[in-house]
Amino acid sequence: MQKQLKEQEPKEEDNWGNPPAPDTPENRKKALKAQIILGIFGFIGILLPGILYWIKFK
């Protein structure tokens, strides 16, 4: 006995999240600050293992 499943049509209300925030000077400053923070963490995440590897096998 097999169940027959109907494909559900996507509802117009089921969007993939909220619309993007409006492009204002305040939002640009927040975005730049977030990018700088992510860049610092990314740089540390790449640099730290290299330094530790260099110290260990020097």
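Here the structure is shown first, and the text comes after it.
Just so it is clear, the structure is predicted and the values come from calculations on it, not from any experiment.

1. Some details on the overall build of the protein
Secondary structure assignment for the protein yields one helix and zero strands. In the protein, which comprises 58 residues, the share counted as buried stands at 0%. In the structure as shown, the protein presents an accessible area of about 6800 Å², 62% of it carried by carbon and sulfur atoms.

2. Let's talk about a nonpolar patch on the surface
There is a patch of nonpolar side chains on the surface, built from L32, I36, I40, I44, L48 and L52 and spanning about 570 Å² of accessible area. Within the secondary structure, L32 sits in helix α1 (residues 25-56).

3. Details of the packing of aromatic side chains
Considering all chains together, one arrives at one aromatic pair under this definition. Ring geometry for Y53 and F57: centres 4.8 Å apart, planes at 55 degrees, overall tilted.

4. Examining α1
Over its 32 residues, α1 extends 47 Å from the first C-alpha to the last, a length consistent with the 46 Å expected when each residue adds 1.5 Å. With zero of its 32 residues buried, α1 lies for the most part at the surface.

5. Regarding the pattern of salt bridges
A complete count under the given rule lists two salt bridges for this structure. D23 is paired through a salt bridge with R28; the nearest N and O atoms lie 2.8 Å apart. The pair D23 / R28 is uniform in exposure class, with both members exposed. Between K30 and E26 there is a salt bridge, with the nearest N and O atoms lying 3.6 Å from each other. In this pair, K30 and E26 are both assigned in helix α1, four residues apart and thus about one turn of the helix distant. Neither K30 nor E26 differs from the other in exposure class; each is exposed.

The rules behind these values
Residues numbered from 1 in each chain as written. Predicted model: local features only at pLDDT ≥ 70, side-chain atom pairs only at ≥ 80, totals over all residues. Heavy atoms only, no water. Helix = DSSP H or I, 4+ residues; strand = E, 2+ residues; numbered from the N terminus. Buried < 20%, exposed > 50% of the residue type's maximum accessible area, 1.4 Å probe, protein only. Areas by Shrake-Rupley, 256 points an atom, 1.4 Å probe, with all protein chains shown as cover. Patch = residues over 30% accessible without salt bridge, like charges linked within 9 Å, V, L, I, M, F, W, Y side chains within 5 Å. Salt bridge = Lys/Arg side-chain N within 4 Å of Asp/Glu carboxyl O. Phe/Tyr/Trp six-rings, centres within 6.5 Å; stacked < 30°, edge-to-face > 60°. Expected span 1.5 Å × (residues − 1).

This is a description of form; function is not addressed.
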